[in-house]
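A look at the structure
The residues making up each chain are set out below.
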Amino acid sequence: MPVSDSPPPLLEALRAAGRVCRAVQRARTEASRLKDDRSPVTVADFAAQALIFRALERAGHPPPYVGEEEADLLTAHPELAWTVAEAAADAVPGITPDEIRRLVALGTGPGGRTGAFWALDPLDGTKGFLRGGQYAIALARIEDGEVVEGYLACPSLPYPDAESPTPDGCLFH
């Protein structure tokens, strides 16, 4: 079987989500909101969740997915959904606010100690992200309470021997 030079779909989706997050962070896109628990959520949170769930669907990994963000905020604030779609369009040209809402809403799986599901924190460290600091995109496949596959993208973390972050930062699998 020939070896492919292209990265597996989930790795490419994590890289794309990281690039979108970095672009949002650099632009200082003013579209953060407070969730019911008073924690911040940003355009980058929603865009990363939508992009990762889209990649899981396209790679043939069916739900359930457990995501940190909920589509209700995007429904209540249509201008936010538009801003998220504009940010995500760098990775998926033409993506619509309706598709963003649909993808984010996939993250309502039950999780739990039995069964299999994907768990995603699309932007772990939102407060650091808002300050221009470090954050991560964390994705795991969990089966019967055990992590069997894990990904961690750190878009602003430079490689140890690099003087500045690379376009994709660091990605661990």
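Structural notes, computed from the coordinates. Keep in mind that this is a model prediction, so the values were computed, not measured. (Residues numbered from 1 in each chain as written. Predicted model: local features only at pLDDT ≥ 70, side-chain atom pairs only at ≥ 80, totals over all residues. Heavy atoms only, no water.)

1. Some thoughts on the overall build of the protein chain
- Looking only at helices and strands, one finds 6 helices and 7 strands in the protein chain.
- Within the protein chain, buried positions represent 43% of all 173 residues.
- Partitioning the intrachain contacts of the protein chain with sequence separation of at least 6 by distance along the chain shows that 59% fall at a separation of at least 24.
- Working note: accessible area of the protein chain is about 9,200 Å², and carbon and sulfur atoms make up 53% of it. (Helix = DSSP H or I, 4+ residues; strand = E, 2+ residues; numbered from the N terminus. Buried < 20%, exposed > 50% of the residue type's maximum accessible area, 1.4 Å probe, protein only. Contact = heavy atoms within 4.5 Å. Areas by Shrake-Rupley, 256 points an atom, 1.4 Å probe, with all protein chains shown as cover.)

2. What to know about the nonpolar core
- Within the largest apolar cluster, 45 residues are counted, with the highest numbers of intra-cluster contacts made by Cys21, Phe46, Ile52, Leu56, Leu74, Val84 and Ile100.
- Put simply, the parts of the chain that give this core at least two residues each are helix 1 (9-27), helix 2 (43-58), helix 3 (72-76), helix 4 (78-88), helix 5 (97-105), strand 4 (116-124), strand 5 (136-143) and strand 6 (146-154).
- Here this core gets 11 residues from one element, more than from any other, and that element is helix 2.
- In contact with Leu74, not counting residues within four places along its chain, are Phe46, Leu80, Ala81, Val84, Ile100, Arg101 and Val104. (Core = buried A, V, L, I, M, F, W, Y, C linked by side-chain atoms within 4.5 Å.)

3. Things to note about the sheet that holds strand 4
- An order of 3-4-5-6-7 is seen for the 5 strands of this open sheet, with the pairing classed as mixed. Both edges of this open sheet fall to strand 3 (65-67) and strand 7 (170-172), since each of them pairs with a single strand only. With direction set aside, neighbouring strand axes in the sheet form an average angle of 10°.
- Across 7 bridges, strand 4 lies against strand 5 in antiparallel orientation. (Pairing = 2+ DSSP bridges. Axes fitted to C-alpha atoms, helices over the stretch in contact; angles between N-to-C directions.)

4. Remarks on the packing of aromatic side chains
- Throughout the structure, instances matching the rule amount to 2 aromatic pairs.
- Their ring planes at 20° and their centres at 4.9 Å tell us that Phe53 and Tyr65 sit as a pair that is stacked. One end of the pair, Phe53, is in helix 2; the other, Tyr65, is in strand 3, and 12 residues separate them in sequence. Taken as a pair, Phe53 and Tyr65 share a single burial class, namely buried. (Phe/Tyr/Trp six-rings, centres within 6.5 Å; stacked < 30°, edge-to-face > 60°.)

5. Digging into the pattern of salt bridges
- Under the criterion given, the structure shown has 5 salt bridges.
- Put simply, Glu99 and Arg102 hold a salt bridge, and the shortest N to O gap is 3.0 Å. Residue Glu99 and its partner Arg102 are located together in helix 5, separated by 3 residues, close to a single helical turn.
- A relative accessible area of 26% places Glu99 in the partly exposed class.
- In this structure, the salt-bridge partner of Arg141 is Glu143, at a minimum N-O distance of 3.7 Å.
- Judged by relative accessible area, Glu143 falls into the partly exposed class, the value being 35%.
- Three or more residues joined by partner-sharing salt bridges are found here, namely Glu57, Glu99 and Arg102. (Salt bridge = Lys/Arg side-chain N within 4 Å of Asp/Glu carboxyl O.)

6. A look at the environment of Gly169
- Tracing the chain through its elements places Gly169 in the loop between strand 6 and strand 7.
- Separated by 14 residues in the primary sequence, Gly169 and Pro155 place their C-alpha atoms 4.1 Å from one another.
- Among residues more than four places away in sequence, those in contact with Gly169 are Arg22, Cys154, Pro155, Leu157 and Tyr159.

7. Quick look at unusual backbone geometry
- Residue Pro63 is joined to Pro64 through a cis peptide bond whose omega torsion reads 20°.
- Position of Pro64 relative to the elements: it lies in the loop between helix 2 and strand 3.
- The residue Asp144 is not glycine, and still its phi comes out positive at about 50°.
- If you trace the backbone, Asp144 turns up in the loop between strand 5 and strand 6.

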